[in-house]
Amino acid sequence: MRVLYVYCHPLADSFHAGIRAEALAALEAAGHEVDLLDLYAEGFDPVLSAEGRRDYHDEAVNQRGLEPYIARLRAAEGLVIQFPTWSFGPPAMLKGFIDRMFMPGVGFDISDPARMKPLLTHIRSVAGIVTYGRPWWYAFWMGDPPRKIVMRYLWWYTGWKARRRYHALYHLNVATSDQRAGFIEKVKAGMARL
């Protein structure tokens, strides 16, 4: 399977970087073709400019400047999103990626605004790898937006057909080395079964 692995963390020496290394190795060992899209390393511009918003619904021009990223998304059969939770949501970089990439003509057909249709139906698997600084019950109380983004929002773009997986490590701020290692093992197993 061709997997687009969208990674969002600014620090090269973070715990997330360690998770990513193990997850990528597990995907490759399972025979997947992996395209790593490191948003910070590639300098992705998450800002939807005034012109970008004005042209958002015009499919003749709304993809301008994003063509290489769109080609990578369209080539994917699997989508993995890895990020930390900040203020009970994804980092602004990832939110901007979603805002800019999942647009009319790429993520959905809006020719009939009352009945939008998903266009990423070629994606057969969606997975999230997410850490939280707070405990699970606090994220639950806040509505757990990261889980909903992966398990509901991104899933819709596949026509509700993709397999979904969500790997979450809650309360990272106080997690022991054994808990961190255990989470990495769960992620590796999940990537092997993608």
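Above: the structure in question.
In this report, we go over the structure that sits alongside the text. (Residues numbered from 1 in each chain as written. Predicted model: local features only at pLDDT ≥ 70, side-chain atom pairs only at ≥ 80, totals over all residues. Heavy atoms only, no water.)

1. Let's talk about the environment of Tyr170
Locating Tyr170 in the fold gives a position in the loop between strand E7 (163–169) and helix H7 (177–192). Taking the C-alpha atoms as reference points, Tyr170 and Trp137, 33 residues apart in sequence, are found 9.1 Å from one another. Not counting the four nearest positions on each side in its chain, Tyr170 is found in contact with Tyr132, Arg134, Pro135, Trp136, Ala139, Asp144 and Arg147. Among the polar contacts listed, one links the side chain of Tyr170 to the side chain of Asp144, at a separation of 2.9 Å. (Helix = DSSP H or I, 4+ residues; strand = E, 2+ residues; numbered from the N terminus. Contact = heavy atoms within 4.5 Å. Polar contact = N/O pair within 3.5 Å; in protein donor to acceptor, adjacent residues only side chain to side chain.)

2. Some words on the side chain of Thr158
Note that Thr158 resides in the loop between helix H6 (145–157) and E7. Of the residues examined, Thr158 reaches a relative accessible area of 1% and is grouped as buried. For Thr158, the side chain forms a polar contact with the main-chain oxygen of Trp155, separated by 2.7 Å. (Buried < 20%, exposed > 50% of the residue type's maximum accessible area, 1.4 Å probe, protein only.)

3. Here we look at helix H4 (residues 92–101)
The element H4 is extensively covered by neighbouring structure, given that seven of its ten residues are classed as buried. Met93, Leu94, Gly96, Phe97, Ile98, Arg100 and Met101 are the residues of H4 that are buried. Structurally, H4 contributes buried residues whose contacts are with strand E1 (2–7), strand E2 (33–38), helix H3 (67–75), strand E3 (78–84) and H6.

4. Considerations on the pattern of salt bridges
Counted according to the given criterion, the structure contains ten salt bridges. Between Arg20 and Asp38 there is a salt bridge; the shortest N-O distance is 2.9 Å. Taken together, the residues span a long stretch of sequence, with Arg20 in helix H1 (residues 15–29) and Asp38 in strand E2 at a distance of 18 residues. When sorted by exposure, Arg20 lands in the same class as Asp38, which is buried. A salt bridge links Glu77 to Arg124; its shortest N-O distance comes to 3.2 Å. Of this pair, Glu77 sits in the loop between H3 and E3 while Arg124 sits in the loop between strand E5 (117–118) and strand E6 (125–131), placing them 47 residues apart in sequence. Among the residues examined, Glu77 registers a relative accessible area of 18% and is labelled buried. By relative accessible area, which is 44% here, Arg124 ends up partly exposed. (Salt bridge = Lys/Arg side-chain N within 4 Å of Asp/Glu carboxyl O.)

5. What about the sheet that holds E7?
Working definition: the strands of a sheet are paired by backbone hydrogen bonds and lie parallel or antiparallel to each other. Sheet architecture is open: five strands sit in the order E2-E1-E3-E6-E7, paired in parallel fashion. If you trace the sheet from one side to the other, it starts and ends with E2 and E7, each paired once. The mean angle between the axes of side-by-side strands here comes to 15°, regardless of whether they run parallel or antiparallel. In the sheet, E1 pairs with E2 via six bridges, with the strands oriented parallel. Considered in E2, the bridge of Tyr7 is made with Asp38. On the sheet, H3 packs against E1 and E2 and is oriented at approximately 145° with respect to E2. The strands that H6 touches are E3, E6 and E7; relative to E7, the one it contacts most, it runs at about 170°. (Pairing = 2+ DSSP bridges. Axes fitted to C-alpha atoms, helices over the stretch in contact; angles between N-to-C directions.)

6. A short note on the side chain of Asp38
For Asp38, a relative accessible area of 11% gives the class buried. From its side chain, Asp38 meets the backbone nitrogen of Ala41 in a polar contact 3.1 Å long. Beyond its immediate stretch of four places on either side in the chain, Asp38 contacts Tyr7 and Arg20.

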